[in-house]
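One letter stands for each residue in the lines below.
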Amino acid sequence: MATKSTTQWFKLLVGVIAVYVLVKVLVQTGLMNSYWQRVLDFGLIMTIGSLGLSLIYGFTGQFSIGHAAWFGLGAYAAGYIGKTVGGGTPAFLLALAVGTLFAALVAYLVGLPVLRLTSDYLGIATLGFGIIVKVVLDNINKVIPSLGGAVGMTGIPQTADFEWIFGFLLLSILLCRNFVYSTFGRACTSIREDEIATSSVGVNPTRYKMMSFVLGCSLAGLAGALYAFRYPFLHPTTFDFLQSFNFLIIVVAGGLGSLTGTVVTGIGWAFLLEGLRFVLGQAFVDFRGVIYALLLIVVVLVRRQGLFGGKEIGLIVPQIGRRERRNAPAGSL
Amino acid sequence: MDYFLNQVINGLQLGLVYALIALGYTMVYGIVKLINFAHGDVFMVGAFVGYFGFAHWGLPLPVAILFSMLTCAILGVVIERLAYRPLRYAPRIMALISAIGVSFFLEYFCSLRFVFGPDYRVVERPIQTVTWHLGGVTVTNLQLIIMVTVAAMLIFLQYVVFRTRVGAAMRTVSYDHDAARLMGVDVDRTISITFALGSAMAALGGVLYAIAYPQIQPFMGIMPGLKAFTAAVLGGIGLIPGAVLGALIMGQVETMTAAYISSQLRDAIVFVILIVVLLVRPCGILGRTEPEKV
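For clarity, every value in this text was computed on a predicted model and none was experimentally measured.

Any chance you could explain the overall build of chain A here in plain terms?
Summing up its helical and strand segments, chain A has 12 helices and 0 strands in all. Taken from the N to the C terminus, the helices and strands of chain A come in the order α-α-α-α-α-α-α-α-α-α-α-α. The dimensions of chain A, computed from C-alpha atoms along their principal axes, are 50 × 50 × 45 Å. In chain A, which comprises 333 residues, the proportion classed as buried is 58%. Within chain A, the 13 negative side-chain charges are centred at a point lying 6 Å from the centre of the 23 positive side-chain charges.

For this particular structure, what's the right way to read the interface of chain A and chain B?
Accessible area lost on assembly of the parts is the figure often given for the size of an interface. In this complex, chain A contributes 42 residues to the contact, which on the side of chain B involves 46 residues. Approximately 3900 Å² of surface area, both sides summed, lies buried where chain A meets chain B, with 82% of it carried by carbon and sulfur atoms. Ranking the residues of chain A by area buried against chain B places Y121, I124 and R304 of chain A at the top, with a combined share of 17%. Counting the contacts that link chain A with chain B gives 1 salt bridge. Notably, a salt bridge pairs R92 of chain B with D120 of chain A, separated by 3.1 Å at the nearest N-O pair. Viewed at the interface, chain B and chain A are joined by 4 residue pairs in polar contact (both at pLDDT 80 or more). Elements supplying a minimum of two residues to the side of chain A that touches chain B: α4 (89-114), α5 (119-139), α10 (241-254) and α12 (288-302) of chain A.

How should the confidence of the model for chain B be read in this particular structure?
Note: predicted coordinates in regions of low pLDDT should not be interpreted at a detailed level. Residues of chain B with pLDDT of at least 70 account for 98%, and the chain-wide mean is 88. Highest mean pLDDT in chain B belongs to helix α3 (residues 61-84) of chain B (94); lowest belongs to strand β2 (residues 131-134) of chain B (84).

The rules behind these values
- Residues numbered from 1 in each chain as written.
- Chains lettered and ligands numbered in written order.
- Predicted model: local features only at pLDDT ≥ 70, side-chain atom pairs only at ≥ 80, totals over all residues.
- Heavy atoms only, no water.
- Helix = DSSP H or I, 4+ residues; strand = E, 2+ residues; numbered from the N terminus.
- Buried < 20%, exposed > 50% of the residue type's maximum accessible area, 1.4 Å probe, protein only.
- Lys, Arg positive; Asp, Glu negative; His and termini not counted.
- Charge placed at Lys NZ, Arg CZ, Asp CG, Glu CD.
- Contact = heavy atoms within 4.5 Å.
- Buried area = accessible area lost by both parts, 1.4 Å probe.
- Salt bridge = Lys/Arg side-chain N within 4 Å of Asp/Glu carboxyl O.
- Polar contact = N/O pair within 3.5 Å; in protein donor to acceptor, adjacent residues only side chain to side chain.
- pLDDT = per-residue confidence, 0-100.

Have a look at this one:
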């Protein structure tokens, strides 16, 4: 099997380089100006966060609709480090680590009580947590003035460029893939399918729910940290529950239990929103929200299993050395 | 003390308006297990139609309210027909995303220039405000109107659900769609009636809200909708008395926080209480936990 595995890795490497070169060529030829570069970067950042929600909801079945809260916690924690330490590469990496770990820590503390709730009740509790975080961020300047509070936070060094974000997206995809196809990930998937049956074969659901929750939220924290170093202005409304809906929409529209779906929809979603602005022109730009809403409804009505419906494409989620492909999660729930 | 009692009355006013929205959430959730995120926007449409009725078309207030309720009842049925019914046997999350889509659609469509426009509008009160002083406590005629209307609606709803054939059908469908169909209940019709009733309540709530807090705009439904839904969860979703109890608690907590602590922390404290209650009683205050079936 070694040869097959090697070809798979080779294909993956070629794919990654091809995407990277394509973006660079588009930039060099001027087809992609700095505006669209920004849109692309935002799409990649949202994709990293959505991969986290994909682990929590798509693979473990924990209905969480407060995902933007961890996105915001990561962004503010990293932004604080960036503002105090500076924007060099070591400081940047430190800030990313702090943002990610802070989100993970809060996810653990919140998960301890909250993950006992099931289905919609968990959803409402996480939604509530999202609103609490928004209110805290709105008032944070009373405790730490440099975080800005309701007027927003500025002055974070803009270290994250396309290369960094692209690299971290690749790392996140690999991490999620390895998690999903590991023993832990399989335990999570079986909890999604039937929690009681899973616990009756000796798997402790609480442990795995917590594991995927903390991992998923820390990816949101990483995405937030990258966001803080890519966009010069942080504001609490960027991290309110409407943003949580965006993560949820990306994960569900991509297809629950499909990392490929999450990646493709995550990037496509960012381009759709900005592309509509471009296509509609100045005269009809007001219709953007209406058309987006209609597209959303139509996608859900036409593809009720999501765009990818639990399937994976080998290039994005390589099935290296795996034989169990046929058992890939079906994306029910 | 007088200040405190006045705050209690203010909280009651807010809570009763929330109750009207929460009733629609709880009925819809009870019958199709769907968090109808578009409900807050139906409330917004209700507020706008009512406002146009009494402020621009010169309708008397009760007629404007009835017209608004009728419009929203139709709107609710149409939404259910187009966006939720095709997904009734799909995974539940798809109907939820569809509901979010409908919510966005109503918000953005209504903020188009040729519909309601994106701006805030100030609502001129259609009735003269009369204030009574009862030993230091101030009550306005508006607060009285809200209390009486909501109480009447509650009694009406309890009557419909527990004393009429439609109500019996609703209870049967909420218990089990397939069994209800076998018993000869028209499930689609019952669900439509539930949406019509719930949306009419939301419209009533919208008009009262617009009169009590006289400013309206196309995105006004988001927060009241979210809070009303939270109220329904707090009281035990699917239960009509639970929705009212939850809404009254929310109204009091919100008013008291604004009065005694800080109006900015209002939302945070409301949701902290929600989470704490859910941890102690996972199905809400009046809800009963069913044993999980294997």
